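What follows is the residue order along each chain.
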Amino acid sequence: MEIKMTLKPERERNSDSIKNAESLSFGKLRSDHMFLMNYEGGVWKDARIVPYGPVEVMPGAVALHYGKSVFEGAKAFRHEDGEIYTFRFEENAKRMNHSLSTLCMPEIPVDIQMEATLKLLDVERDWCPAQPESSLYIRPFVFGTEDALGMEPSATYTYCIMLSPSGAYYPGGFKNTVRLLITDRFHRAVSGGTGSAKCCGNYGQAFRAAKLSKTYGAKQVLYLDSSNTYIEEVGAMNHFHITKDKTIVIPEFTDSILKSITSISVMELAKSLGYEVRQERIRINDFIEQVKSGDIIEAGGFGTAAVITPVCEYIFENNEVITVGDCTIGENIRKIYDAYTAIQTGDAEDKFGWLTKVPRG
Ligand code: PLP
Ligand code: COI
């Protein structure tokens, strides 16, 4: 693919701010450039890298009215050799296509998504931070741009990749545990809906429940399925727990759960560390009972942004709180977190072949 480059002059680029920062927040900063490509007449075309800035859309654009918009979240890491490595981006590209087809939007060949991302990362390599728990967060997204108010799939789309030098998703990073709200009044997704796609609507509708969770001192909501029987996932992470016989249990990937790349990676890694790993439908009542009885000793969430976030408390709308173990970061979560992040940062051998070095030039 030919990628046209319109780059800022060197003197206008300034990534020094990230080098000097003690720690970085999540998702606030931008790098100098973004990748853009348009879909028109049935083909993706005009691949280009341009300075990061406003993208013009018509007020009648389908994305603004009917949520025709999907996105991905991935990370690139700076290793000690000074090179930049992406983590399993191909999986993100495949999931992007799953989301696109779920929303009746045109897919983008995985190799094109990969090439675009690697090229942008090459141009922006100075923006990849080196602080602990930091990364260059990659946010590809596609939105419908046709100026049409009829409920028809858009005839035109824009694919954009933007980059955000970022620190930990939850302020303070891995040293903190979080509390989750369990509610039976709000649901993230339903069977037959779009839960397994990373589409904007899933997130937009979740703000109401997330706002409620804050009033309970919780960071997010642990959603149940629409019959309030089974555990589904958290607003921005899959959920897991570890039993006292050291089995890691993750809810089965139904069509209302996003298939987390962190979850599938940790499952593979944990097996190699000697853990049993199981995916099943988990009844919320069984979960509560097992937390109370001590059969469940650790729990948390898996996600690109959230990495592995330990959860120590669950609160219900009647203010009842249940606590996992002694509310500290458990030894198993710590062991898995260390092994996982060591691969990402290049401190351990990449024996699963998860990393791709960003080529120079
Ligand atoms: N579930 C939801 C709803 C998410 O938004 C995310 C974040 O991407 C995840 C799970 C974790 O998925 P991944 O590990 O691929 O980032
Ligand atoms: C990610 O983990 O990459 C996500 O997309 C979650 C987002 C809500 C920050």
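Rules used throughout
Residues numbered from 1 in each chain as written. Chains lettered and ligands numbered in written order. Predicted model: local features only at pLDDT ≥ 70, side-chain atom pairs only at ≥ 80, totals over all residues. Heavy atoms only, no water. Helix = DSSP H or I, 4+ residues; strand = E, 2+ residues; numbered from the N terminus. Rg over C-alpha atoms; globule rule 2.2 N^0.38 Å. Buried < 20%, exposed > 50% of the residue type's maximum accessible area, 1.4 Å probe, protein only. Contact = heavy atoms within 4.5 Å. Core = buried A, V, L, I, M, F, W, Y, C linked by side-chain atoms within 4.5 Å. Pairing = 2+ DSSP bridges. Disulfide = S-S within 2.5 Å. Domains from an automatic or database assignment. Buried area = accessible area lost by both parts, 1.4 Å probe. Polar contact = N/O pair within 3.5 Å; in protein donor to acceptor, adjacent residues only side chain to side chain. Near = heavy atom within 4 Å. Areas by Shrake-Rupley, 256 points an atom, 1.4 Å probe, with all protein chains shown as cover. Nonpolar A, V, L, I, M, F, W, Y, C, P; charged D, E, K, R; others polar. Axes fitted to C-alpha atoms, helices over the stretch in contact; angles between N-to-C directions. Parallel < 35°, antiparallel > 145°, perpendicular 65-115°, else oblique. Left-handed = near helix turned anticlockwise from the far one by under 90°.

**Regarding the overall build of the protein**
So, point 1. Looking only at helices and strands, the protein features nine helices and 18 strands.
So, point 2. Computed over the C-alpha atoms, the radius of gyration of the protein is 21 Å, within 12% of the 21 Å expected from 2.2 N^0.38 for a compact globule of 361 residues.
So, point 3. Along the first, second and third principal axes, the C-alpha atoms of the protein reach 60 × 50 × 35 Å.
So, point 4. The buried share of the protein, reckoned over its 361 residues, is 52%.
So, point 5. Residue pairs at least 24 apart in sequence account for 72% of intrachain contacts in the protein once pairs closer than 6 positions are excluded.

**Brief notes about the nonpolar core**
When a protein is soluble and globular, its nonpolar side chains tend to lie buried together.
So, point 1. Ranked by size, the top nonpolar core spans 38 residues in total, and within it Phe-35, Trp-44, Val-70, Ile-138, Val-142 and Tyr-159 carry the most contacts.
So, point 2. When contributions to this core are tallied by element, the ones reaching two or more residues are strand 2 (33-40), strand 3 (43-51), strand 5 (74-78), helix 3 (89-102), helix 4 (110-123), strand 7 (135-144) and strand 8 (157-166).
So, point 3. The leading source of residues in this core is helix 4, at six residues.
So, point 4. If we ignore the near neighbours within four places in the chain, the residues touching Val-142 are Trp-44, Lys-68, Ser-69, Val-70, Met-96, Leu-100, Met-105, Ile-108, Tyr-157, Thr-158 and Tyr-159.
So, point 5. Core analysis: the next-biggest nonpolar cluster, separate from the first, contains 25 residues, Ile-248, Ile-250, Val-307 and Ile-329 among them.

**What to know about the pairing of strand 16 (residues 307-316)**
So, point 1. Judged by how many residues are buried, strand 16 sits mostly within the fold: nine of 10 residues are covered.
So, point 2. Across five bridges, strand 9 (residues 178-182) lies against strand 16 in parallel orientation. Across the sheet, residue Arg-179 finds its bridge partner in strand 16, namely Glu-313.
So, point 3. In the sheet, strand 15 (residues 296-303) pairs with strand 16 via four bridges, with the strands oriented antiparallel. Bridge assignment links Gly-300 to a residue of strand 16, and that residue is Pro-310.
So, point 4. Hairpin connection of strand 15 to strand 16: three residues between the antiparallel strands.
So, point 5. Direction of pairing for strand 16 relative to strand 17 (residues 321-323): antiparallel, over a ladder of three bridges. Each bridged residue has a counterpart across the sheet, and for Glu-313 the counterpart in strand 17 is Thr-323.
So, point 6. Two successive antiparallel strands, strand 16 and strand 17, enclose a turn made up of four residues, where Asn-319 displays a positive phi of approximately 75°.

**Brief notes about the state of the cysteines**
So, point 1. Tallying each qualifying case throughout the model produces one disulfide.
So, point 2. Here Cys-312 is linked by a disulfide to Cys-327, with a sulfur-sulfur distance of 1.8 Å. Of this pair, Cys-312 sits in strand 16 while Cys-327 sits in the loop between strand 17 and helix 9 (331-345), and the two are 15 residues apart along the sequence.
So, point 3. Accessibility expressed as a relative area gives 25% for Cys-327, which makes it partly exposed.
So, point 4. Residue Cys-160 stays outside any disulfide, its sulfur separated by 12 Å from that of Cys-200, the closest cysteine.
So, point 5. Cys-200 carries a free sulfur, and the closest cysteine sulfur to it, the one in Cys-199, is 7.0 Å from it.

**So, the domain arrangement of the protein**
In many reports, interface size means the accessible area that the parts give up when they come together.
So, point 1. Each assigned domain of the protein is listed here: domain 1 (4-167) and domain 2 (178-345).
So, point 2. Each of domain 1 and domain 2 has a C-alpha centre, and the two are 27 Å apart.
So, point 3. Counting residues at the interface gives 22 residues for domain 1, matched by 22 residues for domain 2.
So, point 4. The junction of domain 1 with domain 2 conceals about 1,800 Å² of combined surface from both sides, 62% of it contributed by carbon and sulfur atoms.
So, point 5. The largest contributions to the domain 1 side of the interface with domain 2 come from Phe-71, Phe-87 and Arg-95, which together make up 33% of the buried area.
So, point 6. Applying the counting criterion to the domain 1 and domain 2 interface returns eight residue pairs in polar contact (both at pLDDT 80 or more).

**Topic: the side chain of His-79**
So, point 1. Considering the arrangement of structural elements, one finds His-79 in the loop between strand 5 and strand 6 (84-87).
So, point 2. Looking at His-79, the relative accessible area reads 10%, which means it is buried.
So, point 3. Within the local environment of His-79, its side chain forms a polar contact with the backbone oxygen of Gln-344, the two atoms lying 2.9 Å apart.
So, point 4. Contact partners of His-79, with chain neighbours within four places excluded, come to Tyr-85, Ile-343, Gln-344, Thr-345, Gly-346 and Leu-355.

**Comments concerning the site of ligand 2**
So, point 1. Neighbouring ligand 2 are the residues Phe-26, Phe-71, Gly-73, Tyr-137, Arg-139, Tyr-169, Lys-198, Ala-236, Thr-304 and Ala-305.
So, point 2. For ligand 2, an oxygen atom lies 3.4 Å from a polar atom in the side chain of Arg-139.
So, point 3. Here ligand 2 loses 88% of its free accessible area of 280 Å² to cover by the protein chains.
So, point 4. Taken together, the residues of the shell around ligand 2 sort by class into six nonpolar, two polar and two charged.
So, point 5. Per-domain counts for the shell around ligand 2 show at least three residues from each of domain 1 (4-167) and domain 2 (178-345).

**A few points about the packing of helix 3 against helix 4**
So, point 1. Here helix 3 crosses helix 4 at 130°, and the two axes come no closer than 9 Å. Here helix 4 runs oblique to helix 3, going by the angle between their axes. In the crossing of helix 3 with helix 4, the sense of the turn from one axis to the other is right-handed. Together, Phe-89, Glu-90, Ala-93, Lys-94, Met-96 and Asn-97 of helix 3 and Val-110, Gln-113, Met-114 and Thr-117 of helix 4 make up the contact between the two elements.
So, point 2. Across the contact of helix 3 with helix 4, the residue classes tally to five nonpolar, three polar and two charged.

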